[in-house]
Amino acid sequence: MSQEKVFNLPSVLIVDDNVKNLQILGGFLQKEGMIVEFALDGMSALSWLEKKKFDLILLDIMMPSMDGFEVCSQIKKNPVNSEIPIIFITAKRDSGSSIIKGFESGAVDYITKPFIQSELLVRVKTQINIKKSKEQIIHYLHEIEERNRNIGDSIEYGKYIQNAVISTSGIKLRYLPEHFILYLPKDILSGDFYWLRKVGKKLIIAVMDCTGHGVPGALMSIMGITLLNETVIHDHIIEPDKILESLRSKIIHALGQKKGYGYIKDGIVGSAICFDPESNKLLYSGAFNPLILIHADEIYDIKADRIPIGFYEKDGNFTLHEIEIEKNDTIYLFSDGIIDQFGGSANKRFMIKRLKELLLGNYKKTMIRQKEILIEELNRWKGDLVQTDDILVLGIRF
């Protein structure tokens, strides 16, 4: 293996006074292509961190001289190492209070002995990916600050990063039946994004609109994609209402949102669906953004809840809608960019009524042609005015 490839491998430090645990964990992670180092106690772990950077630390709680909580606290006090994610290794006999104490000391997750290898691997990879995503964002922001003269080039590079993150979902579009995606960022970067995963035979799809557009929206979109991956892949949540609830909770935690004056109002609105091709049942939940269904020449507007995916002053849960899908039924998920676009002779918003009329009048055409018609109508409506917001529409014919 070349030196460059070794350098790019994720590195993990395992801290455990049980040699057998080190052998089992280390051997398993090394087979998964990770660089693994070992420490038998807290002091040895801190010594390792003085000479090497790690992507993740697996930390035992019960150890001699210095337990895992103290080691974690020491690591988090050092600004150089504070961003390294720490997963605690706990025994089943450890109480719930120990787990809470672990989170309070700075850990991001915990794994219970004996280990389930598949679960451990998912948790480890999730935390490494989150860390690397944060590093990419921080690196990108530093580049913007340092290269003001080349800010245009920097933003183009940001588009490349964002497209690379979104491309994972783009690859999986092959799982969809006939469809189109209309994706028109207002600026080079976009706060809108689509996300797709196949879980068993079920398709999980999300169309999301983050606060703002451009650079702020793009950063929120990367966070949204990362947290969706964590929710569906790590937490095994596939019901749309529960996905939105989980995403909401994670964003509130990530942004430090809390009740009171001055909290960060950033968040996400959007919709999520789960389609089961065996039962032809489609589950939908939405945060402000509805789902449009065309069935047998009739158009239906499935309402979303007026609850953002983020902090909200009022309590409320997302509603789960169940829809029986028949052959040639067509659905549309979209952000509010298209209906909020100003234009026309009176310089008014496009509005959802006009969108529904346009979709109903053309839904029998091919999905590619429907996309072309939407673009043509948007350009006619907008005229010489600037695009108001990011625009994203996903249409699917079953």
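So, a few notes on the structure that sits alongside this text. Just so it is clear, the structure is predicted and the values come from calculations on it, not from any experiment. (Residues numbered from 1 in each chain as written. Predicted model: local features only at pLDDT ≥ 70, side-chain atom pairs only at ≥ 80, totals over all residues. Heavy atoms only, no water.)

### Here's the deal with the overall build of the chain
For clarity, the cut-off: Secondary structure elements follow DSSP: runs of H or I no shorter than four residues count as helices, runs of E no shorter than two count as strands, and numbering proceeds from the N terminus. Whether two residues are in contact is decided by their heavy atoms, any of which lying within 4.5 Å being enough. Values of accessible area rely on a 1.4 Å probe in the Shrake-Rupley scheme; residue burial ignores everything except the protein chains shown.
From N to C terminus, the chain includes 11 helices and 17 strands. Contacts spanning at least 24 positions in sequence make up 66% of the contacts within the chain whose residues lie at least 6 apart. For the chain, the accessible area works out to roughly 20100 Å², and carbon and sulfur atoms hold 53% of it.

### With respect to the sheet that holds strand β2 (residues 35-39)
Stated formally: At least two DSSP bridges between two strands are required for those strands to pair. Note on definitions: angles span 0 to 180 degrees between N-to-C directions of axes, and those axes are lines fitted to C-alpha atoms, for helices only across the stretch in contact.
Overall, parallel pairing links the five strands, which are arranged β2-β1-β3-β4-β5 in an open sheet. Each of the sheet's edge strands pairs with one partner strand only, and the pair in question is β2 and β5 (109-112). The mean angle between the axes of side-by-side strands here comes to 20°, regardless of whether they run parallel or antiparallel. In this structure, strand β4 (residues 86-90) lies alongside β5, joined through four bridges in parallel fashion. Each bridged residue has a counterpart across the sheet, and for Ile-89 the counterpart in β5 is Ile-111. Set on the sheet, helix α3 (residues 42-51) makes contact with β1 (11-15), β2 and β3 (56-60); between it and β2 the angle comes to about 135°. Most of the contacts of helix α4 (residues 68-77) go to β4, to which it runs at about 175°, and overall it touches β3 and β4.

### Quick look at the packing of helix α10 (residues 352-362) against helix α11 (residues 367-382)
Applicable threshold: Here is the rule for handedness: rotate from the far helix to the near one, and if that takes an anticlockwise turn smaller than a right angle the crossing is left-handed, while a clockwise turn gives right-handed. Side-chain classes follow a simple rule in which Ala, Val, Leu, Ile, Met, Phe, Trp, Tyr, Cys and Pro form the nonpolar group, Asp, Glu, Lys and Arg form the charged group, and the remainder, Gly included, forms the polar group.
Here α10 crosses α11 at 145°, and the two axes come no closer than 11 Å. Of the two possible hands of crossing, α10 and α11 adopt the one that is right-handed. Residue-level inspection shows Arg-354, Leu-355, Leu-358, Leu-359 and Asn-362 of α10 in contact with α11, the latter providing Gln-370, Ile-373, Leu-374, Glu-377 and Trp-381. Its residues assigned to classes, the contact of α10 with α11 shows six nonpolar, two polar and two charged.

### Concerning the environment of Leu-247
Our working definition: Relative accessible area decides the class of each residue, using a 1.4 Å probe on protein chains only: under 20% of the type maximum gives buried, over 50% gives exposed, and in between gives partly exposed.
Structurally, Leu-247 can be placed in helix α9 (residues 240-255). Under the relative-accessibility criterion, Leu-247 is labelled buried at 0%. Along the backbone, Leu-247 and Ile-225 are 22 residues apart, and their C-alpha atoms lie at a distance of 9.9 Å. If near-sequence neighbours (up to four positions away) are discounted, Leu-247 is found in contact with Met-208, Gly-224, Leu-227, Leu-228, Thr-231 and Ile-309.

### Considering the side chain of Thr-231
The criterion, for reference: Polar contacts, as used here, are pairs of N or O atoms within 3.5 Å; protein pairs need one atom able to donate a hydrogen and one able to accept it. Residues neighboring in sequence count only if both atoms are side-chain atoms.
Among the secondary structure elements, Thr-231 is positioned in helix α8 (residues 214-234). Given the relative accessible area of 0%, Thr-231 is considered buried. Side-chain polar atoms of Thr-231 contact the side chain of Ser-246, separated by 3.3 Å.

### Quick word on the nonpolar core
For the record, the criterion: Here the nonpolar core consists of buried residues drawn from Ala, Val, Leu, Ile, Met, Phe, Trp, Tyr and Cys, with membership extended through side-chain atoms lying within 4.5 Å.
Counting residues in each nonpolar core, the largest one holds 26 residues, and the members touching the most others are Trp-195, Met-208 and Ile-309. Every element with two or more residues in this core is listed here: β7 (192-199), β8 (202-210), α8, α9, β9 (268-276) and β10 (281-287). In this structure, Leu-196, Ile-205, Phe-275 and Ile-331 belong to the second largest nonpolar core, which totals 24 residues.

### Topic: the side chain of Gln-341
Tracing the backbone shows Gln-341 in the loop between β14 (330-334) and β15 (342-343). A polar contact of 3.2 Å, which involves the side chain of Gln-341, links it to the backbone oxygen of Val-386. Setting aside chain neighbours within four positions, we find Gln-341 in contact with Lys-348, Arg-349, Phe-350, Leu-378, Trp-381, Lys-382, Val-386, Gln-387 and Thr-388.

### Things to note about α3
Residues lying three or four places apart along an α-helix face the same way, a consequence of the helix completing one turn every 3.6 residues. Defined as follows: The directions considered for the arc run from the helix axis to the C-beta atoms.
Within α3, the full set of buried residues consists of Gly-42, Ala-45, Leu-46 and Leu-49. Seen end-on, α3 carries its buried residues on one side only, within an arc spanning 95°. In this structure, α3 carries Glu-50 and Lys-51 as exposed residues pointing more than 90 degrees from its buried face. In this structure, the buried residues of α3 make contact with β1, β2, β3 and α4. Where α3 begins, one side-chain oxygen reaches toward the backbone nitrogen of Met-43, 3.3 Å away; that side chain belongs to Asp-41.

### With respect to unusual backbone geometry
Positioned with a positive phi, Phe-288 is a non-glycine residue whose angle comes to about 75°. Along the chain, the position of Phe-288 falls in the loop between β10 and β11 (291-295). The phi dihedral of Asp-297 is positive, around 65°, even though this residue is not glycine. Tracing the backbone through its elements, the reader meets Asp-297 in the loop between β11 and β12 (298-302).

### Quick notes on the environment of Met-351
As for its position among the elements, Met-351 is in the loop between β16 (348-349) and α10. The exposure class of Met-351 is partly exposed, given its relative accessible area of 45%. Spatially, the C-alpha atom of Met-351 lies 9.9 Å from that of Gly-337, the residues being 14 residues apart in sequence.

### As for α10
Considered for burial, the residues of α10 that qualify are Leu-355, Leu-358, Leu-359 and Asn-362. End-on view of α10: buried residues confined to an arc of 95°, all on one side of the axis. Set apart from the buried face of α10 by more than 90 degrees, the exposed residues are Lys-353 and Gly-361. Of the surrounding secondary structure, the elements contacted by the buried residues of α10 are β11, β14 and α11.

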